[in-house]
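Spelled out from the first residue to the last, the chains are:
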Amino acid sequence: DAGITQSPRHKVTETGTPVTLRCHQTENHRYMYWYRQDPGHGLRLIHYSYGVKDTDKGEVSDGYSVSRSKTEDFLLTLESATSSQTSVYFCAIGQGPEAFFGQGTRLTVV
Amino acid sequence: TQLLEQSPQFLSIQEGENLTVYCNSSSVFSSLQWYRQEPGEGPVLLVTVVTGGEVKKLKRLTFQFGDARKDSSLHITAAQPGDTGLYLCAAHGSGNTGKLIFGQGTTLQVKP
């Protein structure tokens, strides 16, 4: 299995607070991705990175920012959490066409 | 915006039946992947198809990439309860930027 760790695995936060989710890899893969998964929507791409300090928006990037200061870490920040951001968040890494996923972070915004 | 449309969204069948899941797009892709996801876990790669018309088999699962590389199908023969899960197709966007998009998924339930 690819070495990819998401933290935290579960989080409950209040509306309006900032939240940061971390994705850490030990595989030295070039690409890193953040997705959210909601019933009926499959996986929707939030942001992705194609190298250190190189990031781009996905389909649902509003309200989210990312940073990648090291190859191994990709951070997802919700600047001011809203209830619509309650979801399961998955990080993935890739070097070629395929992606390898973390275990997910269940985020609840109350 | 490049979209991957999967059908059907839900499928409930009896053990032993055959089924096909479709993944369609108006865009041409250099490759396409199929993943399977179980509850509480991240998706796991099943296969990558690259060449138009390519057929790959993984035990009772048969994957096909369309001749024009715009669509793909997953066929399961003699489905078993262990096949239950969410099946997702995925592909990279144009321009080789690494952007990986997914279809909305097909939830399969195989009843004993």
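Structure report, in brief. Nothing here was measured: the structure is a model prediction, and the numbers come from that model.

Calculation rules
- Residues numbered from 1 in each chain as written.
- Chains lettered and ligands numbered in written order.
- Predicted model: local features only at pLDDT ≥ 70, side-chain atom pairs only at ≥ 80, totals over all residues.
- Heavy atoms only, no water.
- Helix = DSSP H or I, 4+ residues; strand = E, 2+ residues; numbered from the N terminus.
- Polar contact = N/O pair within 3.5 Å; in protein donor to acceptor, adjacent residues only side chain to side chain.
- Contact = heavy atoms within 4.5 Å.
- 1 Å grid on protein atoms, 1.4 Å probe; cavity = no way out; pocket = protein on both sides within 12 Å on 5 of 7 lines; lining within 4 Å.
- Points joined across faces, edges and corners; volume = space filled by probe spheres on them.
- Nonpolar A, V, L, I, M, F, W, Y, C, P; charged D, E, K, R; others polar.
- Disulfide = S-S within 2.5 Å.
- Buried < 20%, exposed > 50% of the residue type's maximum accessible area, 1.4 Å probe, protein only.
- Pairing = 2+ DSSP bridges.
- Axes fitted to C-alpha atoms, helices over the stretch in contact; angles between N-to-C directions.

## Some remarks on the side chain of His-92 of chain B
Here is step 1 of the chain: With respect to the helices and strands, the residue His-92 of chain B is situated in strand S9 (residues 85-92).
Here is step 2 of the chain: Engagement of the side chain of His-92 of chain B in a polar contact is seen with the backbone oxygen of Pro-97 of chain A, the distance being 2.9 Å.
Here is step 3 of the chain: Within the structure, the side chain of His-92 of chain B is placed 3.4 Å from the backbone oxygen of Lys-99 of chain B, a separation counted as a polar contact.
Here is step 4 of the chain: Each residue touching His-92 of chain B, except ones within four places of it in the same chain, is listed here: Tyr-33, Gly-96 and Pro-97 of chain A together with Phe-29, Ser-31, Gln-33, Gly-98, Lys-99 and Leu-100 of chain B.

## Brief notes about the layout of surface pockets
Space left empty within the atom packing is revealed by a probe, the size of a water molecule, rolled over the atoms.
Here is step 1 of the chain: Its boundaries defined by the atoms lining it, the largest pocket holds a volume of some 620 Å³.
Here is step 2 of the chain: The wall of the largest pocket is formed by 31 residues, among which Gln-37, Val-88 and Arg-106 of chain A together with Gln-37 and Leu-86 of chain B lie closest to the centre.
Here is step 3 of the chain: Mapped onto the lining of the largest pocket, the elements with two or more residues apiece are strand S9 (87-94) and strand S11 (105-109) of chain A together with S9 and strand S11 (106-111) of chain B.
Here is step 4 of the chain: The residue makeup of the lining of the largest pocket, split by class, is eight nonpolar, 18 polar and five charged.

## Notes on the state of the cysteines
Among covalent bonds in proteins, the disulfide is the one between the sulfur atoms of two cysteines.
Here is step 1 of the chain: Tallied over the entire structure, the rule returns two disulfides over all chains.
Here is step 2 of the chain: Two residues share a disulfide in this structure: Cys-23 of chain A and Cys-91 of chain A, whose sulfurs sit 1.9 Å from each other. Given an S-S torsion of about -75°, the disulfide between Cys-23 of chain A and Cys-91 of chain A has left-handed geometry. Highlighted residues: Cys-23 of chain A in strand S3 (residues 19-25) and Cys-91 of chain A in strand S9, separated in sequence by 68 residues.
Here is step 3 of the chain: For Cys-23 of chain A, a relative accessible area of 0% gives the class buried.
Here is step 4 of the chain: With relative accessibility at 0%, the residue Cys-91 of chain A sits in the buried group.
Here is step 5 of the chain: There is a disulfide in this structure between Cys-23 of chain B and Cys-89 of chain B, and the S-S distance comes to 2.0 Å. Between Cys-23 of chain B and Cys-89 of chain B, the S-S torsion sits near 75°, and that sign places the bridge as right-handed. Here the residue Cys-23 of chain B occupies a position in strand S3 (residues 19-24), and Cys-89 of chain B occupies one in strand S9, the gap between them amounting to 66 residues. Grouping residues by exposure puts Cys-23 of chain B and Cys-89 of chain B together as buried.

## Side note on the sheet that holds S3 of chain B
All names here are of chain B.
Here is step 1 of the chain: On the basis of which strands lie adjacent, the open sheet formed by five strands has the order S1-S3-S8-S7-S6 and antiparallel pairing. The sheet is open, and its two edges are formed by strand S1 (5-7) and strand S6 (55-58), each paired on a single side. Across this sheet, the average inter-strand angle for adjacent strands is 15°, counted without regard to direction.

## A word on the sheet that holds strand S8 (residues 73-78) of chain A
All names here are of chain A.
Here is step 1 of the chain: Read from one edge of the open sheet, four strands run S1-S3-S8-S7, paired in antiparallel fashion. The open sheet terminates on both sides in strands that have one partner only, identified here as strand S1 (4-7) and strand S7 (64-70). Each strand of the sheet is rotated relative to its neighbour by a mean of 15°, with strand direction disregarded.
Here is step 2 of the chain: Where S3 and S8 come together, six bridges link them in antiparallel fashion. Its bridge partner being in S8, Thr-20 is matched across the sheet by Thr-77.

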